[in-house]
Amino acid sequence: MRIDKYLKVSRLIKRRTVANEACDGARISVNGRPVKASYQVKLGDVIEIAFGQRTLRVEVTDVNETATKSNAAAMYREIEG
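The shown structure was predicted, so the numbers you read here are calculated from the model rather than taken from an experiment.

Considerations on the overall build of the protein
Argument step 1. Helices and strands together make up the secondary structure of the protein, namely three helices and five strands.
Argument step 2. Taken along its principal axes, the extent of the C-alpha atoms in the protein is 30 × 30 × 20 Å.
Argument step 3. Taking all 81 residues of the protein together, 33% fall into the buried category.
Argument step 4. If you take every contact in the protein between residues at least 6 apart in sequence, the share linking residues at least 24 apart comes to 36%.
Argument step 5. Split by element, the accessible area of the protein, about 5,100 Å² in all, is 47% carbon and sulfur.
Argument step 6. The centroid of the 15 positive side-chain charges in the protein is displaced by 5 Å from the centroid of its 10 negative side-chain charges.

So, in structure tokens, the structure goes:
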């Protein structure tokens, strides 16, 4: 699954277009490298999202094409630090 779609389905970012723009602006990195919106997400990837002064780090634990609101949080695990 593309990273822009993954970010939307997992509800880390509200809209796919916003996720796409974040990738274009180099605010999304996977395993320490900036990625384009077409990057294919794999289990175990560590995604870093820069929200202004704050950075969110998550590890991919599940890749589903669809997810309900209650299941979306199970698609990733937040990493401290």
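Overview of the side chain of Ser 10
Argument step 1. Following the sequence through the fold, Ser 10 ends up in the loop between helix H1 (3-9) and helix H2 (16-24).
Argument step 2. A relative accessible area of 1% means that Ser 10 is categorised as buried.
Argument step 3. Among the polar contacts made by the side chain of Ser 10, one reaches the main-chain carbonyl oxygen of Tyr 6 at a distance of 2.8 Å.
Argument step 4. One polar contact links the side chain of Ser 10 to the main-chain carbonyl oxygen of Leu 7, over a distance of 3.4 Å.
Argument step 5. Those residues in contact with Ser 10 that lie beyond four places of it in its chain are Ala 72, Met 75 and Tyr 76.

Description of the pattern of salt bridges
Argument step 1. Within this structure, the stated rule accounts for five salt bridges.
Argument step 2. Among the ionic pairs, Asp 4 bridges to Arg 2, the shortest N-O distance being 3.1 Å.
Argument step 3. A residue is classified by how much of its surface remains accessible, and Arg 2, at 31% relative accessible area, is partly exposed.
Argument step 4. Look at Asp 4 and you get buried, because its relative accessible area is 1%.
Argument step 5. The structure contains a network of salt bridges with shared partners spanning Arg 2, Asp 4 and Arg 16.

Examining H2
Argument step 1. Inspection of H2 places Ala 19, Ala 22 and Cys 23 among the buried residues, and these make up the whole buried set. For H2, the arc enclosing every buried residue in end-on projection is 100 degrees, short of the 170-degree limit, so these residues lie on one face. Opposite the packed face of H2, turned more than 90 degrees from it, sit the exposed residues Thr 17, Glu 21 and Asp 24.
Argument step 2. Residues of H2 that are buried make contact with H1 and strand S1 (28-30).
Argument step 3. Positive backbone phi, at 60 degrees, marks Ala 26, one or two positions downstream of H2.

What counts, and at which threshold
- Residues numbered from 1 in each chain as written.
- Predicted model: local features only at pLDDT ≥ 70, side-chain atom pairs only at ≥ 80, totals over all residues.
- Heavy atoms only, no water.
- Helix = DSSP H or I, 4+ residues; strand = E, 2+ residues; numbered from the N terminus.
- Buried < 20%, exposed > 50% of the residue type's maximum accessible area, 1.4 Å probe, protein only.
- Contact = heavy atoms within 4.5 Å.
- Areas by Shrake-Rupley, 256 points an atom, 1.4 Å probe, with all protein chains shown as cover.
- Lys, Arg positive; Asp, Glu negative; His and termini not counted.
- Charge placed at Lys NZ, Arg CZ, Asp CG, Glu CD.
- Polar contact = N/O pair within 3.5 Å; in protein donor to acceptor, adjacent residues only side chain to side chain.
- Salt bridge = Lys/Arg side-chain N within 4 Å of Asp/Glu carboxyl O.
- Arc of directions from axis to C-beta.

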